[in-house]
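Tertiary structure, described
Take a look at the letters that make up each chain.
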Amino acid sequence: MSCVKESKCTRVIRRLVLWVLLTNIMLVLYCFRNTTHVKMRGSQDDTCPLSVARSPKQNVTSAKSQSEECSPALNIMFMKTHKTASSTILNILFRFGEKHKLKFAFPDGRNDFCYPSPFLCSQVKGYTPGDCFNVVCNHMRFNHREVAKLLPPDAVYITILRDPVDLFESSFHYYHRAVPLTWRIRGENKLAEFLDNPERFYSSEAFNSFYLKNLLSFDFGLDNNLEADDPRVLRDIHDLSEHFDLVLIAEYFEESLILLKDKLCWSMDDILYFKLNARKRSSVSQLTPELRAKALQWNGADWRLYQHFNASFWARVEAYGRERMSREVEELRRRNSEMKAVCIEDGGAVEARKIQDRRFLPWQPVGESSILGYNMRKSMDPKFRTICEKMLTPEIQYLSELGVSLWLTRLWGWFKDAVF
């Protein structure tokens, strides 16, 4: 019996070692392939001036009344954070950009900008200094100085945050097989074991360790190993406040979309959505108050970040008007319910194994299939088919439809599914 256990353990270890080796080889190949020949930056000729930015505003009409006239925003930077409902926002941006023929800055060969490396303009497919884009929205490690070179000065900067405790739980579950630090955690409840003594399992220098501590801070290009009371945390929060025009809150997703609509001068049609990349409930760990407190302390820098922008979010809601917000949220819910009835078979999300069309099969974490997706209704009015397809399409497939090469992402996906 011990031989059987040893043999099984050996196979698992070999797979994990092979995974680490192949992942690093692919990253090296990609970075070598993506070596920049772009000149050193710093001069004005490598930025995107407003005067030459592509701005097809004459083709876009506002949904607001004449007394509230405004022009829909077409130049947008969305800082896509991890495990924050950002994939749903991404789908909204893809649809709006495709509808209005906007120019996206896309990565080359993968679905992110060489994450977790800090963002550089050279990571954009086909970039040459001075190129202008309307939308930047794929995963990156934020670098404002570089991002600003791609967009006109009037670009609206948007991002989304989530309660750091729930984000930590989600990130730990989704990425733990990709973080070697967690492989030596014993027991069935690895999350509780980790939180009982994080320092025992954590090293800031270890591969993919950023997924385990202050992931929001890391995504924004900050030091994710700072403690909450470090004065640099407040300085960083102030800097982000200067860069971002609107910070959404995942726990108040519908209210966030209404504020987004108002900020961008979009219509209700533009923000209709189906929840994408959601996990099945059985895969979500129910944290006790004690574990939540430990997770909060461990992610203290992210908590300060979240507290600051949650306060500014509700200040915006107050300025917008509580009653007006309630009416708009109800209208959004009504319109979304109508679209669900039109587009989705049986009206809700299903497990990956029940998805009939691979076009709507979402990307899954290593070693499991916990992410839900949808089946599109077989019988519907043909006028709704295109919009239904787009609203149901996961990020990877949508990027492919928009012409993005995803050879590295697909190679990793094939290996992940074959080995695990």
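Each remark here, short or long, concerns the structure printed above.
Note that the structure is predicted; figures quoted are calculated from it, not measured. (Residues numbered from 1 in each chain as written. Predicted model: local features only at pLDDT ≥ 70, side-chain atom pairs only at ≥ 80, totals over all residues. Heavy atoms only, no water.)

**Observations regarding helix 12 (residues 322–343)**
Between its first and last C-alpha, helix 12 extends 31 Å over 22 residues, near the 32 Å set by a 1.5 Å rise per residue. Taken as a whole, helix 12 has its buried residues at Met325, Glu328, Val329, Leu332, Arg335, Asn336, Met339 and Cys343. Down the axis of helix 12, the buried set is contained in an arc of 130°. They therefore lie on one face. Structural note: helix 12 exposes Glu323 and Arg327 on the side pointing more than 90 degrees away from its buried face. (Helix = DSSP H or I, 4+ residues; strand = E, 2+ residues; numbered from the N terminus. Expected span 1.5 Å × (residues − 1). Buried < 20%, exposed > 50% of the residue type's maximum accessible area, 1.4 Å probe, protein only. Arc of directions from axis to C-beta.)

**What about helix 9 (residues 253–264)?**
With twelve residues, helix 9 should reach 16 Å at 1.5 Å per residue; the first-to-last C-alpha distance of 16 Å fits that figure. Where burial is concerned, most of helix 9 is hidden: ten out of the twelve residues are buried. Every buried residue belonging to helix 9 is among Phe253, Glu254, Glu255, Ser256, Leu257, Ile258, Leu259, Leu260, Lys261 and Leu264, and all of these are buried. The inward-facing, buried residues of helix 9 contact strand 1 (76–79), helix 2 (86–99), strand 4 (156–161), strand 5 (246–249), helix 11 (300–320) and helix 12. (Contact = heavy atoms within 4.5 Å.)

**Some words on the packing of helix 8 (residues 231–243) against helix 11**
Where helix 8 meets helix 11, the axes come as close as 10 Å, and the angle between the chain directions of the two elements is 40°. It follows from the interaxial angle that helix 8 and helix 11 lie oblique. Pair helix 8 / helix 11 crosses with right-handed handedness. Across the interface between the two elements, Val233, Leu234, Ile237, Leu240 and Ser241 from helix 8 touch Ala301, Arg304, Leu305, His308 and Phe309 from helix 11. A per-class count over the contact of helix 8 with helix 11 returns seven nonpolar, two polar and one charged. (Axes fitted to C-alpha atoms, helices over the stretch in contact; angles between N-to-C directions. Parallel < 35°, antiparallel > 145°, perpendicular 65-115°, else oblique. Left-handed = near helix turned anticlockwise from the far one by under 90°. Nonpolar A, V, L, I, M, F, W, Y, C, P; charged D, E, K, R; others polar.)

**As for the pairing of strand 5**
Every second residue of strand 5 is oriented toward a common face, with Leu246 and Leu248 on one face and Val247 and Ile249 on the other, all of them buried. Inspection of the sheet shows strand 4 paired to strand 5 by four bridges, in the parallel sense. The residue of strand 5 that forms the bridge with isoleucine 160 is leucine 248. (Pairing = 2+ DSSP bridges.)

**Details of unusual backbone geometry**
Between tyrosine 115 and the following residue, proline 116, the backbone shows a cis peptide bond with an omega angle of 15°. Its place among the elements puts proline 116 in the loop between strand 2 (104–105) and strand 3 (135–136). Here the phi dihedral of asparagine 208 falls at roughly 60°; this positive angle occurs in a residue that is not glycine. Residue placement: asparagine 208 occurs in the loop between helix 6 (198–201) and helix 7 (215–219). Even without being a glycine, asparagine 277 presents a positive backbone phi close to 65°. The residue asparagine 277 is located in the loop between helix 9 and helix 10 (289–298) in this model.

**Observations regarding the pattern of salt bridges**
Overall, the coordinates contain 26 salt bridges when judged by the stated rule. Notably, a salt bridge pairs aspartate 196 with lysine 294, separated by 3.3 Å at the nearest N-O pair. Of the two residues, aspartate 196 sits in helix 5 (residues 190–196) while lysine 294 sits in helix 10, which places them 98 residues apart along the sequence. Assessed through its relative accessible area of 25%, lysine 294 is described here as partly exposed. Residue aspartate 230 is joined to arginine 232 by a salt bridge in which the shortest nitrogen-to-oxygen separation is 2.8 Å. For aspartate 230, a relative accessible area of 16% translates into the label buried. (Salt bridge = Lys/Arg side-chain N within 4 Å of Asp/Glu carboxyl O.)

**Notes on empty space enclosed by the protein**
Taken as a whole and judged by the stated rule, the model has three cavities of 30 Å³ or more. Roughly 50 Å³ of internal volume is contained in the largest cavity. Surrounding the largest cavity, Ser217, Leu222, Asp223, Leu226, Val233, Asp236, Ile237, Ala301 and Leu305 form its lining. Every element with two or more residues in the lining of the largest cavity is listed here: helix 8 and helix 11. Ranked by residue count, the leading element in the lining of the largest cavity is helix 8, at three residues. Each residue belonging to the lining of the largest cavity can be placed in one class, and the counts come to six nonpolar, one polar and two charged. (1 Å grid on protein atoms, 1.4 Å probe; cavity = no way out; pocket = protein on both sides within 12 Å on 5 of 7 lines; lining within 4 Å. Points joined across faces, edges and corners; volume = space filled by probe spheres on them.)

**Structural notes on the environment of leucine 399**
Structurally, the position occupied by leucine 399 is in helix 14 (residues 395–401). Spatially, the C-alpha atom of leucine 399 lies 8.7 Å from that of phenylalanine 106, the residues being 293 residues apart in sequence. When near neighbours in sequence (up to four residues on either side) are disregarded, leucine 399 contacts Phe94, Phe106, Asn111, Asn138, Val404 and Leu406.

**Quick look at the side chain of arginine 335**
Considering the arrangement of structural elements, one finds arginine 335 in helix 12. Excluding its chain neighbours within four sequence positions, the residues that come into contact with arginine 335 are Met268, Asp269 and Leu272.

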